[in-house]
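Descriptive structure summary
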Number of protein chains: 2
Amino acid sequence: METFPGAHRPLYEVKANLFKGMAHPVRVRVLEILSAAPDVSVTDLILDMNVEASRLSQHLSVLKTHHLVVSERRGSQVFYSLAYPRVAELLATAKMLLGEVLESTQQQLLASEWTAPQEPAADTRGPSTITRQ
Amino acid sequence: METFPGAHRPLYEVKANLFKGMAHPVRVRVLEILSAAPDVSVTDLILDMNVEASRLSQHLSVLKTHHLVVSERRGSQVFYSLAYPRVAELLATAKMLLGEVLESTQQQLLASEWTAPQEPAADTRGPSTITRQ
DNA sequence: GGGGCGTTTGAGCACTTCATCATATCGTCA
DNA sequence: TGACGATATGATGAAGTGCTCAAACGCCCC
């Protein structure tokens, strides 16, 4: 377990760690919300996301550990915001990539239907990055 | 477990899935290598990365399932390449973000040494996205 | 077509992550 | 100060992930 931020680790390990920090729907949703608003309280996050306070808090903790968000206490509430604008940029790039993947996968799907209509949509196993929108 | 690529899932789930696919050092390293070269054989990857064939193959399989790479057999060897140039762009954005995180964390470190020299580098717990380079 | 190289697949095991529930801390206001 | 609302933390069990080793598979060349 790495303890010190400045520890000597190769870049690909650090990158993998970054992606790991973003590899959960709740955490991505939080980052998306924080990308759209400069400042959101935990209360609002709970309402917007319809998630239990304890669960959300744990994920917020993960995001904070990974230096993706920062928190500030104002009165009885805690407000979170993105630690860097580039976090939003990373999400935007991911969205564009997913758009491309979706597009070409749909084309493949159409093509396979054209050449082999009886085949019920080949290559549908495993987790996929494709979806609507 | 989702079976069909076009399944109706919210965007944040799909994004999280994408990051999950990239959340491992070996997989990030592969993507980095493929970002620099248009076409790399499994043999070369094994040599470059100094990793066991079986292990690498499993990670390549994950990358393929997530539509991040494509493979092509030429003779006795299999060549992998990025499925989309934007995968490299995503890595580049991640690298820039990590650069910013590193910079500001180092500054904080300096500041804390300035104000509290006896404190042995506070806030060093948990996985961190910081490193050299 | 048999042997060898290159690549993939599968089973077993350790380890990590996540959701849930319970409990603790912090701040406000009566 | 005491009670309550808002967050955070800790423990537990279930599920997922990754590594190792073994075996299978596919292709090429003799």
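In this report, the structure presented in the accompanying data block is examined. What you see is a predicted model, and the numbers here were worked out from it, not measured in a lab.

**Quick notes on the nonpolar core**
Nonpolar side chains tend toward joint burial in soluble globular proteins. Counting 64 residues, the largest nonpolar core has L31 and L68 of chain A together with V30, L31 and L68 of chain B as its most contacted members. Setting aside its immediate chain neighbours within four residues, L31 of chain B contacts M22, L63, L68, V69, L82, V87 and L91 of chain B.

**Some thoughts on the protein's contact with DNA strand C**
Every one of the 21 residues lining DNA strand C counts as a neighbour, but S54 and R55 of chain A together with T43, S54 and Y80 of chain B are closest to it. The contact in question runs from a base nitrogen of DNA strand C to an N or O atom on the side chain of S54 of chain A, over 2.7 Å. The side chain of H59 of chain A places a nitrogen or oxygen atom 2.9 Å from a phosphate oxygen of DNA strand C. Within the residue set of the surface near DNA strand C, elements represented by two or more residues are α4 (53-65) of chain A together with α3 (42-49), α4 (53-65) and β3 (77-82) of chain B.

**Here's the deal with the protein's contact with DNA strand D**
As a structural note, the neighbourhood of DNA strand D is formed by 20 residues, with T43 and S54 of chain A together with S54, R55 and H59 of chain B the closest of them. At a separation of 2.8 Å, a phosphate oxygen of DNA strand D approaches a polar side-chain atom of Y80 of chain A. Within the side chain of S54 of chain B, a nitrogen or oxygen atom sits 2.7 Å from a base nitrogen of DNA strand D. If you list the elements that add at least two residues to the surface near DNA strand D, you get α3 (42-49), α4 and β3 (77-82) of chain A together with α4 of chain B. Considering each element in turn, the surface near DNA strand D owes the most residues, 4 residues, to α4 of chain B. Per-class residue counts for the surface near DNA strand D are 3 nonpolar, 12 polar and 5 charged.

Conventions we followed
Residues numbered from 1 in each chain as written. Chains lettered and ligands numbered in written order. Predicted model: local features only at pLDDT ≥ 70, side-chain atom pairs only at ≥ 80, totals over all residues. Heavy atoms only, no water. Core = buried A, V, L, I, M, F, W, Y, C linked by side-chain atoms within 4.5 Å. Buried < 20%, exposed > 50% of the residue type's maximum accessible area, 1.4 Å probe, protein only. Contact = heavy atoms within 4.5 Å. Near = heavy atom within 4 Å. Polar contact = N/O pair within 3.5 Å; in protein donor to acceptor, adjacent residues only side chain to side chain. Helix = DSSP H or I, 4+ residues; strand = E, 2+ residues; numbered from the N terminus. Nonpolar A, V, L, I, M, F, W, Y, C, P; charged D, E, K, R; others polar.

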